Amino acid sequence: MLILGIETSCDETAAALVDDGNVLSNVIASQIDLHARFGGIVPEVASRKHVEAIGYVIRETFDSAGERPAAVDAVAVTCRYGLIGSLIVGVSAAKAMAYALKVPLIGIHHIEGHIFANILSHPGLPLPHVCLTVSGGHTMLIHVEEPGRYQVLGGTLDDAAGEAFDKIAKFLGLSFPGGPAIERLALAGDGAAISLPRPLGRSRTADFSFSGLKTAVVNMCQGRDRGSLPLADIAAGFQEAVVDVLVSKTLQAARRLGVTAVSVTGGVSINARLREVFSEACPRHGLQVFFPRPDLCTDNAAMVAAAGAVRLRQGEESGLDLNAVPNAPLESIKCPAKRC
Amino acid sequence: MRVLGIDTASRTNTIGLIDADRVVADFAWDARDSSLQQIIVNIDLVLKRGGLSLEDLDGLAVGIGPGSWTGVRVGVTVAKTLACTLGKPLCGISSLEALAHQSKTASALLCPLVDAGRETVYAAFYRVREGAPIREGEYYVGSIAGLTDRVREPVLFLGRPAYLHRAVITSALGPPARFGSPSDAPGGAAFALMSLPRFAAGQVDDPLSLVPLYLGESLAQALLRRREAEARGGRAPGS
Ligand SMILES: [Zn+2]
């Protein structure tokens, strides 16, 4: 079954064709250079860029896959969770596409897409498993019982982990996005040189908090001349604290639920130190760990198409009155056919 | 020629269908009921009323604003995606020109207004030549007072903001200011009718590159432009 996926929930205009788990094309027009000039993502700028790019991105998706729109069996689109002005552009295009091609339309929650980045990358990924999805827009722990059935275990109470990276990078005078900038600087630093708190590190909940960590860094630097600050040690210490909290919370949840695997996804799952610590810690706890292939870590439409394929198989389909909802909760498929 | 007209740039969203110079169907809804949620449902409704399918269309016309930035993106994205997918020609038409078209028998200079929020308007001046309004000068974004300062001859003001601000305009300009009816908002069929001469002349838009006419930058863009200009000003010229 050939599914066209469309994703415009934040600052990437993306479209992809996925055929029964095979990614035929995965086109992403990133706006990151544009937003870097503003030092962060500007919603109105993102929305305008999506309209400019969407037609070209969809055409490139078909051209690079060597497919024709008439061959598409369904259109899946991110319609929940993200910037409203950005979501609207993708949903408009997807609705027009599904209506013109007379094929089913399936609205997907952005977080479900991220869960599928790993399912798509690793067909042998065990179920159930615990998924940590972490980016500039969200930080969430999810019990993935099976594709389409989820239980949100916890999330961030304030900043997303990627957002904390951005804010600390800005504070240290580094470039946007902050993740890669901090990671690069941290290579030259000692992660143990500076002691930073591990917010909610001891709590038994699966929730995260990163704003206190940001405040600790800011307080530590207060009143000191920037030239005298050990910037690399600060970057390394901060990264170490974030990674530590993310890994320990994920392992705690995995142990509690008795799963055999964890998956890590979202933009921050590219971070090499995060991958390293997960890869060291998981085997010690009898857990397998999975990361998406590199082009499926950040926002992309292949993951949305993959999620759409499962929902369609379970008998779900959206109406042509599909709307965009910026902060909708992640929901399981209400009535999977086989359970009714 | 069968043309579907779409406009979601203003508070009233409309879809219209024409067959040659005959209006087959024209449907309007309040944008507060969601442009995105209603647009395809209402396109389907209008086509069914006309007994036509998308494949029967010879072209699409779409309002490109100025107007609501979020609203216009829905109509433009839907129209360009339909045109690309179906391989139909597409014609983008500005909201101001569409308003001017409603009074194309008038001899006075036309000044259609669209609400731009915070007591400002989008506007332009049009003169009717051979039955079609031709824009004179640049588009305008700003206060009513700033607009009336530019008027040197009798003008027919059009659109809802003109009607709402008529007292201010009359006190600035006196009798040379005249006003169109408050209910002269063009429907989707009007957009489709306006596209006919353009299709005939081959003046179509590339659906891939068509974007809304915003006539204004976001606050962030304005700030950035100022900051970058200042940064450039600090360096030696030509560097
Ligand atoms: Zn994401």
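Residues numbered from 1 in each chain as written. Chains lettered and ligands numbered in written order. Predicted model: local features only at pLDDT ≥ 70, side-chain atom pairs only at ≥ 80, totals over all residues. Heavy atoms only, no water.

Let us look at the overall build of chain A. Each helix and strand counted, chain A has ten helices and ten strands in total. Relative to the compact-globule value of 20 Å for 340 residues, chain A shows a C-alpha radius of gyration of 20 Å, a close match. Taking the principal axes of its C-alpha atoms as reference, chain A extends roughly 65 × 45 × 30 Å. Out of the 340 residues belonging to chain A, those deemed buried represent 57%. Within chain A, residue pairs in contact and separated by at least 24 positions form 73% of the contacts whose partners lie at least 6 positions apart. Only carbon and sulfur atoms are counted for the fraction: they give 52% of the accessible area of chain A, which is about 12,900 Å². Charge separation in chain A, taken as the distance between the mean sites of 30 positive and 34 negative side-chain charges, equals 4 Å. (Helix = DSSP H or I, 4+ residues; strand = E, 2+ residues; numbered from the N terminus. Rg over C-alpha atoms; globule rule 2.2 N^0.38 Å. Buried < 20%, exposed > 50% of the residue type's maximum accessible area, 1.4 Å probe, protein only. Contact = heavy atoms within 4.5 Å. Areas by Shrake-Rupley, 256 points an atom, 1.4 Å probe, with all protein chains shown as cover. Lys, Arg positive; Asp, Glu negative; His and termini not counted. Charge placed at Lys NZ, Arg CZ, Asp CG, Glu CD.)

Turning next to the overall build of chain B. Secondary structure summary: chain B contains eight helices and ten strands in total. Against the compact-globule benchmark of 18 Å for 239 residues, chain B has a radius of gyration of 19 Å, which places it among compact chains. Once the C-alpha set of chain B is aligned to its principal axes, its extents read approximately 60 × 50 × 35 Å. Buried positions account for 49% of the 239 residues belonging to chain B.

To continue, consider the layout of surface pockets. Residues and elements named next belong to chain A. If you add up the space inside the largest pocket, you get close to 1,200 Å³. What lines the largest pocket is a set of 41 residues, and nearest its centre among them are Ile41, Ser135, Gly136, Gly137 and Asp166. At the level of elements, strand S3 (22–30), helix H1 (32–36), helix H5 (161–171) and helix H6 (178–186) are the ones that each hand at least two residues to the lining of the largest pocket. When its residues are assigned to classes, the lining of the largest pocket shows 16 nonpolar, 17 polar and eight charged. If you count residues domain by domain, the lining of the largest pocket takes at least three from each of domain 1 (2–114 + 297–313) and domain 2 (127–292). (1 Å grid on protein atoms, 1.4 Å probe; cavity = no way out; pocket = protein on both sides within 12 Å on 5 of 7 lines; lining within 4 Å. Points joined across faces, edges and corners; volume = space filled by probe spheres on them. Nonpolar A, V, L, I, M, F, W, Y, C, P; charged D, E, K, R; others polar. Domains from an automatic or database assignment.)

What follows concerns the interface of chain B and chain A. Each partner contributes to the interface: chain B provides 37 residues, whereas chain A provides 30 residues. Roughly 2,900 Å² is buried in total at the junction of chain B and chain A, and carbon and sulfur atoms are behind 67% of that figure. Considering only the side of chain B, the residues that lose the most area to chain A are Leu36, Arg73 and Leu208 of chain B, jointly responsible for 23% of the buried surface there. Joining chain B to chain A, the criterion identifies nine residue pairs in polar contact (both at pLDDT 80 or more). (Buried area = accessible area lost by both parts, 1.4 Å probe. Polar contact = N/O pair within 3.5 Å; in protein donor to acceptor, adjacent residues only side chain to side chain.)

Let us look at the coordination of the zinc ion. All names here are of chain A. The protein atoms that coordinate the zinc ion are His110 (NE2), His114 (NE2) and Asp299 (OD), at distances spanning 2.0 to 2.2 Å. Each donor residue of the zinc ion lies on one chain, and together they are spaced H-x3-H-x184-D. On the criterion of sequence distance, the pair formed by histidine 110 in helix H4 (residues 110–121) and aspartate 299 in the loop between strand S10 (288–290) and helix H10 (302–313) is long-range, its members being 189 residues apart. The burial state of histidine 110 is the same as that of aspartate 299; both residues are buried. (Donors = N, O, S within 2.8 Å, 3.2 Å for Na, K, Ca; no water.)

For the rest of this paragraph, the subject is the domain arrangement of chain A. Residues and elements named next belong to chain A. Each assigned domain of chain A is listed with its residue range as follows: domain 1 (2–114 + 297–313) and domain 2 (127–292). Each of domain 1 and domain 2 has a C-alpha centre, and the two are 27 Å apart. The interface is formed by 15 residues belonging to domain 1 together with 18 residues belonging to domain 2. Overall, the association of domain 1 and domain 2 removes approximately 1,200 Å² of surface from exposure, summing both partners, and the carbon and sulfur fraction of that is 72%. Summed over the three residues of domain 1 that lose the most area to domain 2, namely Ile111, His114 and Cys297, the buried surface amounts to 44% of that side. Linking domain 1 to domain 2 there are three residue pairs in polar contact (both at pLDDT 80 or more). At the level of elements, H1, H4 and H10 are the ones that each hand at least two residues to the side of domain 1 that touches domain 2. The biggest single contributor to the side of domain 1 that touches domain 2 is H4, with four residues. Of the residues assigned to the side of domain 1 that touches domain 2, the class counts are seven nonpolar, six polar and two charged.

Side chains of nonpolar character tend, in soluble globular proteins, to be buried together. In terms of nonpolar packing, the biggest core is built from 62 residues, with Val75 of chain A together with Leu4, Ile43 and Leu82 of chain B touching the most fellow members. It is helix H3 (residues 84–101) of chain A that provides the largest number of residues to this core, a total of twelve residues. With near-sequence residues (within four places) excluded, leucine 4 of chain B lies in contact with Ile15, Gly16, Leu17, Ile43, Val46, Leu47, Leu57, Gly59, Leu60, Ala61 and Ala192 of chain B. Among the nonpolar cores identified, the runner-up in size contains 48 residues, and Leu132, Phe208, Leu246 and Val268 of chain A belong to it. (Core = buried A, V, L, I, M, F, W, Y, C linked by side-chain atoms within 4.5 Å.)

Let us look at the packing of H4 of chain A against H10 of chain A. Residue and element names in this part refer to chain A. In the contact formed by H4 and H10, the axes pass within 7 Å of each other and the chain directions differ by 95°. For the element pair H4 / H10, the angle class is roughly perpendicular. Contact residues: His110, Glu112, Gly113, His114, Phe116, Ala117 and Leu120 in H4; Ala302, Met303, Ala306, Ala307, Val310 and Arg311 in H10. Of the residues assigned to the contact of H4 with H10, the class counts are eight nonpolar, three polar and two charged. (Axes fitted to C-alpha atoms, helices over the stretch in contact; angles between N-to-C directions. Parallel < 35°, antiparallel > 145°, perpendicular 65-115°, else oblique.)

Taken as a whole and judged by the stated rule, the model has six aromatic pairs over all chains. Both rings, one in phenylalanine 165 of chain A and one in phenylalanine 238 of chain A, keep their centres 5.3 Å apart while their planes meet at 80°; by these two values the pair is edge-to-face. Pair noted here: phenylalanine 165 of chain A is in helix H5 and phenylalanine 238 of chain A is in helix H8 (residues 231–257), with a separation of 73 residues, a long-range link. Side by side, phenylalanine 165 of chain A and phenylalanine 238 of chain A carry an identical accessibility label, which is buried. Directly above the aromatic system of tyrosine 214 of chain B lies the positively charged group of arginine 48 of chain A, at a separation of 3.8 Å from the ring centroid. The lysine or arginine in question, arginine 135 of chain B, covers the ring of tyrosine 139 of chain B, its NZ or CZ lying 3.9 Å from the ring centre. (Phe/Tyr/Trp six-rings, centres within 6.5 Å; stacked < 30°, edge-to-face > 60°. Lys NZ or Arg CZ within 6 Å of the ring centre and 35° of its normal.)

A few words on the pattern of salt bridges. All names here are of chain A. Applying the stated rule across the entire model yields 22 salt bridges over all chains. The partner of glutamate 52 in a salt bridge is lysine 49, and the shortest N-O contact between them spans 3.0 Å. Of this pair, glutamate 52 and lysine 49 are both found in helix H2 (residues 43–65), three residues apart, which corresponds to roughly one turn of the helix. For lysine 49, a relative accessible area of 31% gives the class partly exposed. Linking aspartate 159 and lysine 214 is a salt bridge whose minimum nitrogen-to-oxygen distance equals 3.7 Å. Of this pair, aspartate 159 sits in the loop between strand S8 (149–155) and H5 while lysine 214 sits in helix H7 (residues 211–221); the two residues are 55 residues apart in sequence, bridging distant segments of the chain. With a relative accessible area of 7%, aspartate 159 lands in the buried category. Sharing partners across several salt bridges, the network here consists of Asp159, Glu163, Lys167 and Lys214. (Salt bridge = Lys/Arg side-chain N within 4 Å of Asp/Glu carboxyl O.)

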